[in-house]
Amino acid sequence: MNMEAKHSEEIKNKRDIVMDLSDTETTAKICRALSSETRLEILKCLVAKSMTISELAEAFYLPMSSMCLHIKTLKEANLITVIPKPGMRGSQKLCGIKTANVSLDVFAHVSKITRKPPVFVNMPIGHYCNCEISPPCGIASAVSYLYYEDTPYGFYSPDRTDASLLWFTKGYLEYQFSNYSLLQDKPAQIEFSFEACSEAPGYNNNWPSDITFELNHKKVVTFLTKGDYGGRKGIYNPSWWSESNTQFGEYKKIHVTHHGCYMDNQKVSDETIESLGLLDNYYFSFILKVADDSQHIGGMNLFGKHFGDYAQDIVMKVEYENN
């Protein structure tokens, strides 16, 4: 096969991305990924051949932490693939091109059925209404620890509302979300997103923990976090936070619809918007906990917008049905 034929075959196997203005979140994510000259040069390299993150870091004379951030941005935009590759010095991450063409259809949304824009509700992680905490534990704001480590007293301090990182071994945090936005039109689905991981002394990338998510005291899902992550600085961590501590977590998205609850595109519960009572009363409860009877009692870190890899607290997104 000549080079031109090989090139055509490679393009044929790639997925095209067509952006439109009906999904501004995804479109903005792709545009951000393409807005950096460095990331464009990385794409150019990967067109020529697949490369590991360390090879790319060496080629661009960048520290691994910076290259990891560039690769994370490109992967989240679905522009590249990142797959583990066994090597002499442990597992490497091999990067390759995922798409051949990226375009923006400015008028595509006009022909689509109109839908009321989604509503976003931000819940700062320190604004819980109730908690039960077992040490080791701790609470920190963007500028300092809010209380002594390994005592639950800080979780009951008025200063807790400034929290941007919380950690504990067992127990729960309960938040109250107003359901006002759910009653403004018929909701199609409610999405909850947050960043969390296990809790180990310092950090331990292999430290599993079962974390249960409940709405109105009804279990929706118990998910496993694989570790308490460190080894590189969290993207949004303040400069005073020690690199020997927890650095970042796993990004979790849970969708609640009229047909069930979903996580990572997998149905995890038959509970629905109606069965969970999310449209009743003035509010509903949102609970994250590490239960006493969990198989893996590995604790929990919950990240706010000033820590970790995602600049957000707990976010509720309400999407409405078509008009």
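Keep in mind the model is a prediction, meaning the values are calculated, not measured.

**Observations concerning unusual backbone geometry**
So, point 1. That bond from P135 to P136 is cis: its omega, 0°, falls within 30 degrees of zero.
So, point 2. Structurally, P136 can be placed in the loop between β7 (130-134) and β8 (138-140).
So, point 3. One non-glycine residue, H217, lies in the positive phi region at around 65°.
So, point 4. As for its position among the elements, H217 is in the loop between β12 (209-215) and β13 (218-225).
So, point 5. Looking at H217, the relative accessible area reads 54%, which means it is exposed.
So, point 6. The backbone of N265 shows a phi angle near 65°, a positive value even though the residue is not glycine.
So, point 7. Counting through the fold element by element, N265 comes out in the loop between β15 (261-263) and β16 (266-269).
So, point 8. Residue class for N265 comes out exposed when judged on its relative accessible area of 77%.

**Points about the pattern of salt bridges**
So, point 1. By the definition in use, this model includes 9 salt bridges.
So, point 2. A salt bridge links E250 to K252, with the shortest nitrogen-to-oxygen separation between them at 2.9 Å.
So, point 3. For E250, a relative accessible area of 16% puts it in the buried group.
So, point 4. Judged by its relative accessible area of 9%, K252 falls in the buried class.
So, point 5. A salt bridge links E319 to K317; its shortest N-O distance comes to 3.6 Å.

**Details of the nonpolar core**
So, point 1. Judged by nonpolar contacts, the single largest core of 43 residues is most densely connected at L173, Y175, F213, L215 and F286.
So, point 2. In this structure L173 touches Y128, N130, C131, I133, F155, L166, F168, F286, I287, L288, M300 and L302, once residues within four positions along its chain are discounted.

**Considering the domain arrangement of the chain**
So, point 1. For the chain, the assigned domains read domain 1 (3-105) and domain 2 (119-320).
So, point 2. For domain 1 versus domain 2, the separation of C-alpha centres amounts to 30 Å.
So, point 3. Facing 4 residues of domain 1, the contacting portion of domain 2 comprises 5 residues.
So, point 4. Where domain 1 abuts domain 2, roughly 410 Å² becomes buried across the two surfaces, and 52% of that area is made up of carbon and sulfur atoms.
So, point 5. The largest contributions to the domain 1 side of the interface with domain 2 come from E25, L69 and K72, which together make up 72% of the buried area.
So, point 6. At the surface where domain 1 touches domain 2, the tally comes to 1 salt bridge.
So, point 7. Salt-bridge contacts for E25 lead to K317; the nearest nitrogen and oxygen are separated by 3.2 Å.
So, point 8. Taken together, the links from domain 1 to domain 2 amount to 2 residue pairs in polar contact (both at pLDDT 80 or more).
So, point 9. With 3 residues, helix α5 (residues 64-76) is the single largest residue contributor to the side of domain 1 that touches domain 2.

**Considering the packing of aromatic side chains**
So, point 1. All chains considered together, the criterion is met by 22 aromatic pairs.
So, point 2. Plain terms: the ring middles of Y145 and W241 are 5.7 Å apart, the flat faces sit at 45° to each other, and that makes the pair tilted. Taken together, the residues Y145 in the loop between β8 and β9 (165-168) and W241 in the loop between β13 and β14 (250-257) connect sequence positions 96 residues apart.
So, point 3. In this structure Y145 comes out as partly exposed when scored by relative accessible area, which is 33%.

**Re the sheet that holds strand β10 (residues 170-178)**
So, point 1. The 5 strands are arranged β7-β10-β17-β12-β13 in an open sheet whose pairing can be described as antiparallel. Either end of the sheet is taken by a strand with one partner, and the two such strands are β7 and β13. Neighbouring strand axes in the sheet, compared pairwise and without regard to direction, differ in orientation by 20° on average.

**Some words on the pairing of β7**
The side chains of a regular strand alternate between both faces of the sheet.
So, point 1. Only one face of β7 is covered, namely the face carrying C131 and I133; the face carrying N130, E132 and S134 is uncovered.
So, point 2. Pairing of β7 with β10 involves 5 bridges; the strand directions are antiparallel. Paired with E132 across the two strands is Y172, which belongs to β10.

**A closer look at α5**
So, point 1. The terminal C-alpha atoms of α5 lie 18 Å apart, and with 13 residues this matches the ideal 18 Å at 1.5 Å per residue to within 8%.
So, point 2. All buried positions along α5 are accounted for by M67, H70, I71, K72, T73 and L74.
So, point 3. Structurally, α5 contributes buried residues whose contacts are with α2 (24-34), α3 (37-48), α4 (53-59), β3 (80-85) and β4 (92-97).
So, point 4. Once α5 ends, the next one or two residues include N78, with phi positive near 65°.

Reading the values: rules and limits
Residues numbered from 1 in each chain as written. Predicted model: local features only at pLDDT ≥ 70, side-chain atom pairs only at ≥ 80, totals over all residues. Heavy atoms only, no water. Helix = DSSP H or I, 4+ residues; strand = E, 2+ residues; numbered from the N terminus. Buried < 20%, exposed > 50% of the residue type's maximum accessible area, 1.4 Å probe, protein only. Salt bridge = Lys/Arg side-chain N within 4 Å of Asp/Glu carboxyl O. Core = buried A, V, L, I, M, F, W, Y, C linked by side-chain atoms within 4.5 Å. Contact = heavy atoms within 4.5 Å. Domains from an automatic or database assignment. Buried area = accessible area lost by both parts, 1.4 Å probe. Polar contact = N/O pair within 3.5 Å; in protein donor to acceptor, adjacent residues only side chain to side chain. Phe/Tyr/Trp six-rings, centres within 6.5 Å; stacked < 30°, edge-to-face > 60°. Pairing = 2+ DSSP bridges. Axes fitted to C-alpha atoms, helices over the stretch in contact; angles between N-to-C directions. Expected span 1.5 Å × (residues − 1).

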